[in-house]
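Chain by chain, the residues run as shown.
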Amino acid sequence: MQPTTVSPVRKIIHIDMDAFYASVEQRDFPEYRGKPLAVGGSPTGRGVVATASYEARKFGVRSAMSSRKAMQLCPEIIFVFPRFEVYKAVSRSIREIFSRYTDIIEPLSLDEAFLDVTEDKQKIGSALEIATQIKNAIATELNLTASAGVSVNKFVAKIASDINKPNGLTFIGPSKVESFINELPVEKFYGVGKVTADKMKNMQLYTGADLRKLSENELVKHFGKTGHFFYNIVRGIDEREVQVHRETKSLGAEDTFMYDLENIEEMHKELDKIGLTVFNRLQKNQLEGRTVTLKIKYSDFTQITRNHSFSKPVGDFDTITETAKRLLEKVDMEEKTVRLLGISLSNFGEPDTKAKKPRNPEQLELFP
């Protein structure tokens, strides 16, 4: 008989920098320390918040919030324009610290990444100890704090990193995964936004343990393809590997509305909001794409997409939103009302690194 080969339990770390952009600004400029700070656009225009310091978060200020709303919540808040080149340089230094322990690194953005340390370079063996050393190196060498989640798969590690922020370290070992997921509120699950969370709660589904009571067919019936994911994840099954060469194929945002939209003016306003979110995500990931896609879901749940491709990559707010609006205007609504709108960018190319003058001075205020 051939001996049975047992795969080693995976050791996955998710590192998430604490209020990254704002923390870099507070590190570099002592006058910002201990004060509510937002990195983003001016509240006098259509600016949005990319990152808020923890002092600002106490007032309810959050990422992707309009700068005007942030000012209303916290009149003393300080707004600073983002310094992306600085953040990228710091991110490279963080990546260098990661590489001391493993080469299996999957960056998700400038401020977070997955690491597979099942076999680490320094033969430390303990993922918890490696995460501790990484956090300490970031603190001593870069004067910044990071939170870490350590577990056997990507899903649990990512959720764990958010538990004790800032400067947190949470370990969910193999024997604790099932109980951890059982107690997890449904809104913490990947793919569960406000609308899905409300639907689940209406079905008396509040935690992972509640989801586990449903069969795979029942989950798919109620939640579509994501039901397969829910079925596996509530049982602690997540076989996704940490991808060293993670390629972003598309990037976008969408919104399901509280009430169905009937007129084009309302839809244009919503596309502006969605376009801002897409623009911010493009900036954060330093991406431009050649294809803009508009997604429309009607009140009867039928869905269509329309797209337009450019000869060169685009990534500015005006082009994204105006293209989406033109695509919308070409659609025959047939007296239908709209439940959801979405915009995405794909067919990525290398962004132009040369400085460009904005077509609209207000455009600068839209950086995340």
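Here is what the cut-offs are and how they apply
Residues numbered from 1 in each chain as written. Predicted model: local features only at pLDDT ≥ 70, side-chain atom pairs only at ≥ 80, totals over all residues. Heavy atoms only, no water. Helix = DSSP H or I, 4+ residues; strand = E, 2+ residues; numbered from the N terminus. Buried < 20%, exposed > 50% of the residue type's maximum accessible area, 1.4 Å probe, protein only. Contact = heavy atoms within 4.5 Å. Areas by Shrake-Rupley, 256 points an atom, 1.4 Å probe, with all protein chains shown as cover. Pairing = 2+ DSSP bridges. Axes fitted to C-alpha atoms, helices over the stretch in contact; angles between N-to-C directions. Patch = residues over 30% accessible without salt bridge, like charges linked within 9 Å, V, L, I, M, F, W, Y side chains within 5 Å. Salt bridge = Lys/Arg side-chain N within 4 Å of Asp/Glu carboxyl O. Phe/Tyr/Trp six-rings, centres within 6.5 Å; stacked < 30°, edge-to-face > 60°. Lys NZ or Arg CZ within 6 Å of the ring centre and 35° of its normal.

**Structural notes on the overall build of the chain**
Working step 1: Helix and strand content of the chain: 13 helices and 12 strands.
Working step 2: With the principal axes as the frame, the chain shows a C-alpha extent of 65 × 55 × 40 Å.
Working step 3: For the chain, the proportion of its 368 residues judged to be buried stands at 46%.
Working step 4: Counting only contacts in the chain whose residues sit at least 6 apart along the sequence, the fraction spanning at least 24 positions is 65%.
Working step 5: Split by element, the accessible area of the chain, about 19,500 Å² in all, is 50% carbon and sulfur.

**Some points on helix α1 (residues 20-28)**
Working step 1: Burial runs high along α1: seven of the nine residues are buried.
Working step 2: Inspection of α1 places F20, Y21, A22, S23, V24, E25 and Q26 among the buried residues, and these make up the whole buried set.

**Remarks on the sheet that holds strand β4 (residues 78-80)**
Working step 1: The strand order across the open sheet formed by three strands is β3-β2-β4, and the pairing between neighbours is mixed. Looking along the sheet, the strands with just one partner apiece sit at the ends: β3 (49-52) and β4. Averaged over all neighbouring strand pairs, the angle between strand axes comes to 30 degrees, with direction disregarded.
Working step 2: Sheet topology note: the strand β2 (residues 37-40)/β3 ladder contains three bridges and is antiparallel.

**Observations concerning the environment of S67**
Working step 1: For S67, the location among the structural elements is in helix α3 (residues 67-73).
Working step 2: Residues S67 and I296, spaced 229 residues apart in sequence, show a C-alpha to C-alpha distance of 28 Å.
Working step 3: In this view, S67 contacts G41, S42, P43, G47, V48, V49 and F79; residues no more than four positions away in its chain are not counted.

**Focus: a nonpolar patch on the surface**
Working step 1: Residues L128, L169 and F171 make up a contiguous nonpolar surface patch of roughly 240 Å² in combined accessible area.
Working step 2: With respect to the element layout, L128 can be found in helix α5 (residues 127-142).

**Brief notes about the packing of aromatic side chains**
Working step 1: Applying the stated criterion to the full structure yields 10 aromatic pairs.
Working step 2: Look at F223 and F230: their rings are 5.9 Å apart centre to centre, the planes differ by 80 degrees, and that puts the pair in the edge-to-face class. With respect to class, F223 is no different from F230; both count as buried.
Working step 3: The ring centre of Y54 lies 4.5 Å from the NZ or CZ of R57, which sits over that ring.
Working step 4: Geometry around Y231 places R235 over its ring, the cationic atom sitting 3.8 Å from the centre.

**Some points on the pattern of salt bridges**
Working step 1: If you walk through the whole model with that rule in mind, you get 20 salt bridges.
Working step 2: Residue D28 pairs with R27 through a salt bridge whose shortest N-O separation is 2.8 Å.
Working step 3: Salt-bridge contacts for E187 lead to K201; the nearest nitrogen and oxygen are separated by 3.5 Å. Of the two residues, E187 is situated in the loop between α7 (177-183) and α8 (194-202) and K201 in helix α8; the sequence distance between them amounts to 14 residues.
Working step 4: Taking the relative accessible area as the measure of exposure, E187 reaches 40% and is therefore partly exposed.
Working step 5: Residue classification places K201 among the partly exposed residues on the basis of a relative accessible area of 30%.
Working step 6: Overlapping salt bridges bring together E25, R27, D28 and R83 as one network.

**Structural notes on the sheet that holds strand β5 (residues 105-109)**
Whether parallel or antiparallel, the strands of a sheet pair through hydrogen bonds between backbone atoms.
Working step 1: Read from one edge of the open sheet, five strands run β5-β6-β1-β7-β8, paired in mixed fashion. This sheet does not close on itself; its edge strands, each paired only once, are β5 and β8 (169-171). Each adjacent strand pair in this sheet contributes to an overall mean axis angle of 15 degrees, direction not counted.
Working step 2: Alignment of strand β1 (residues 12-17) against strand β7 (residues 146-151), held across six bridges, turns out to be antiparallel.

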